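Fold and contact review
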Amino acid sequence: MTQITPVLMAGGSGTRLWPASRKAFPKQFAALIGEQSLFQASARRLSGARFGAPVVMTNADFRFIVAEQLEQIGIEASAIVIEPMGRNTAPAILAAALRAVEDDPDAVLLVAPSDHVIPDAEAFGRAVDQGAVAARAGRIVTFGITPTRPETGYGYMEVEPAGDTVLPLKRFVEKPDAETARAMLAQGGFLWNAGIFLFSARTMIDAFHAHAADFVQPVQAAVDGAVTDLGFLRLARGPWEGLADESIDYAVLEKADNLSVVGFDGHWSDLGGWDAVWREIQADTPAERGAVTDPQSTAIDCDNVLLRSDDSDMQVVGIGLSDTMVIATSDAVLVAPMDRAQDVKQAVAALKAKGRKQAELFPRDHRPWGWFETLALAGRFQVKRIVVKPGAALSLQSHMHRSEHWIVVSGTAKVTVNDHVDLVTENQSIYIPLGAKHRMENPGKVPMVLIEVQTGAYLGEDDIIRYEDDYARQTGD
């Protein structure tokens, strides 16, 4: 029987886990639970005999992160598809279905977010097996989680009672208030909506024709006009730009009459807030008095707290706290009651309104060649630490408003300045005049680290003119 193709959705921003998750590097790529990222754990969960190679739907900013994290766990994607801009889940899922039928008219897809926690991968795989029969028979199968508490942060599904593992869906229920959630839990027959869908590609395409026909032509045009870019598949921008920003739930599922639900009573979490992270860690390794800490944090006489620091030089100490979360990074600290976890996105909105870069950007900026971080910034100078991966190279570029001085502190840099090429080793430096065409490469086998001192009237990252680029980055990438 044809293997099921996983479709991993990896383009979200995860604002409810700020400040550890931001638009520039969202939660799916962070190791919030365990040593692997949520994305890597999701890819591993949807691998094995029942699954084919995954398709990943993402955006240009994350494409190299996706490729690098898959390589780290030894999984090769059948395609990493770049959406020109975010348009929610409806067009992304339709694009995946349209691509799939080109190769296999009978293709079956399992669409899943890449930021969920499901520890028992085999139990979930058995649930997929149960739904696969219905999916191949023309049903759109959703997965419902047996609720364990009156959760207000999840949508629900009401199901018809039946003596089968695949249940008829009665209705979707939006995220409820606490009283409604308690009533549904007491009544029974309600499941949390996991946002995971199983269907044949042809069934989903037919559903769009029936319920959201306006999507079909432009998404098909975006797929037909897709181009291969360094092994990634870029959907055509023109048709995609005019698409509505709409979820698959609103566009199709709430209108369709061929929906079924597979109940899953194993452990599941979408890590939709820091309270969920606290529950996951506490359930895995219970802490005394519920005080969950990391190596950079200390709890003194605290109850039911989450103290976390992502910076080895930032120590967090809580004294006499109860039901509180304190999350620190090198440039931001969040302090809030645990029951206000769903309101963290308000912090992001407030910082954006103030024009603060911490709303979306990290001090450490990940690039396909490595990363950099700003160590000091003033009116006419900036100091950065830059780390270049072995064999990687920055683009051949020039600047209109700044000159640069590079000091290698570890490894060896191959540096091009106009027509001159030098090898610059540890404790050596080189000057890049304003306007000079220049490039930095790491020809070695270990990461190369250097300190960059910029001086000039304007120090923004958009003061870059690229002439050659190994990563074929386009304007805005």
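Residues numbered from 1 in each chain as written. Predicted model: local features only at pLDDT ≥ 70, side-chain atom pairs only at ≥ 80, totals over all residues. Heavy atoms only, no water.

- Going by what an unreviewed UniProt entry lists, the protein chain is known as mannose-1-phosphate guanylyltransferase and is assigned to Paracoccus tegillarcae.
- The UniProt entry for the protein chain carries the following text under Catalytic activity (unreviewed entry): "alpha-D-mannose 1-phosphate + GTP + H(+) = GDP-alpha-D-mannose + diphosphate".
- According to its UniProt record, the protein chain has this under Sequence similarities (unreviewed entry): "Belongs to the mannose-6-phosphate isomerase type 2 family." (UniProt positions renumbered as here; feature names shortened; annotations may be inferred.)

1. Concerning empty space enclosed by the protein
- Tallied over the full model, the rule gives 3 cavities of 30 Å³ or more.
- The space that makes up the largest cavity amounts to roughly 210 Å³.
- Around the largest cavity sit 20 residues that line it, and Trp-369, Leu-394, Gln-397, Glu-461 and Ile-464 are the ones nearest its centre.
- Every residue along the wall of the second largest cavity is listed here: Arg-16, Glu-151, Gly-153, Tyr-154, Asp-270, Gly-272, Gly-273, Asp-275, Ala-276, Arg-279 and Gln-342. (1 Å grid on protein atoms, 1.4 Å probe; cavity = no way out; pocket = protein on both sides within 12 Å on 5 of 7 lines; lining within 4 Å. Points joined across faces, edges and corners; volume = space filled by probe spheres on them.)

2. Examining the packing of helix H3 (residues 89-103) against helix H6 (residues 201-211)
- Closest axis-to-axis distance for the H3/H6 pair is 9 Å, and the angle between their directions is 130°. Of the possible angle classes, the one that applies to H3 and H6 is oblique. Between H3 and H6 the crossing geometry is left-handed. Mapping the contact onto sequence places Ala-90, Ile-93, Leu-94, Ala-97, Leu-98, Ala-100 and Val-101 in H3 and Ala-201, Arg-202, Met-204, Ile-205 and Phe-208 in H6.
- When its residues are assigned to classes, the contact of H3 with H6 shows 11 nonpolar, no polar and 1 charged. (Axes fitted to C-alpha atoms, helices over the stretch in contact; angles between N-to-C directions. Helix = DSSP H or I, 4+ residues; strand = E, 2+ residues; numbered from the N terminus. Parallel < 35°, antiparallel > 145°, perpendicular 65-115°, else oblique. Left-handed = near helix turned anticlockwise from the far one by under 90°. Contact = heavy atoms within 4.5 Å. Nonpolar A, V, L, I, M, F, W, Y, C, P; charged D, E, K, R; others polar.)

3. Details of the domain arrangement of the protein chain
- In terms of domain boundaries, the protein chain breaks down into domain 1 (5-264), domain 2 (286-354) and domain 3 (364-468).
- Computed over C-alpha atoms only, the centres of domain 2 and domain 3 are separated by 35 Å. (Domains from an automatic or database assignment.)

4. Regarding the side chain of Asp-115
- Examined against the element boundaries, Asp-115 turns out to sit in the loop between strand S4 (108-113) and helix H4 (121-136).
- Since its relative accessible area comes to 15%, Asp-115 is described here as buried.
- At 3.4 Å, the side chain of Asp-115 forms a polar contact with the side chain of Lys-27.
- Residues within four places of Asp-115 in sequence aside, it is in contact with Lys-27, Gln-28, Leu-38, Ser-42, Asp-270 and Leu-271. (Buried < 20%, exposed > 50% of the residue type's maximum accessible area, 1.4 Å probe, protein only. Polar contact = N/O pair within 3.5 Å; in protein donor to acceptor, adjacent residues only side chain to side chain.)

5. Some points on the pairing of strand S18 (residues 364-367)
- Bridge count for S18 against strand S19 (residues 370-377) is 4 bridges, and the pairing is antiparallel. Along S19, the bridge assignment pairs Arg-367 with Gly-370.
- Adjacent in sequence and paired antiparallel, S18 and S19 are bridged by 2 residues. (Pairing = 2+ DSSP bridges.)

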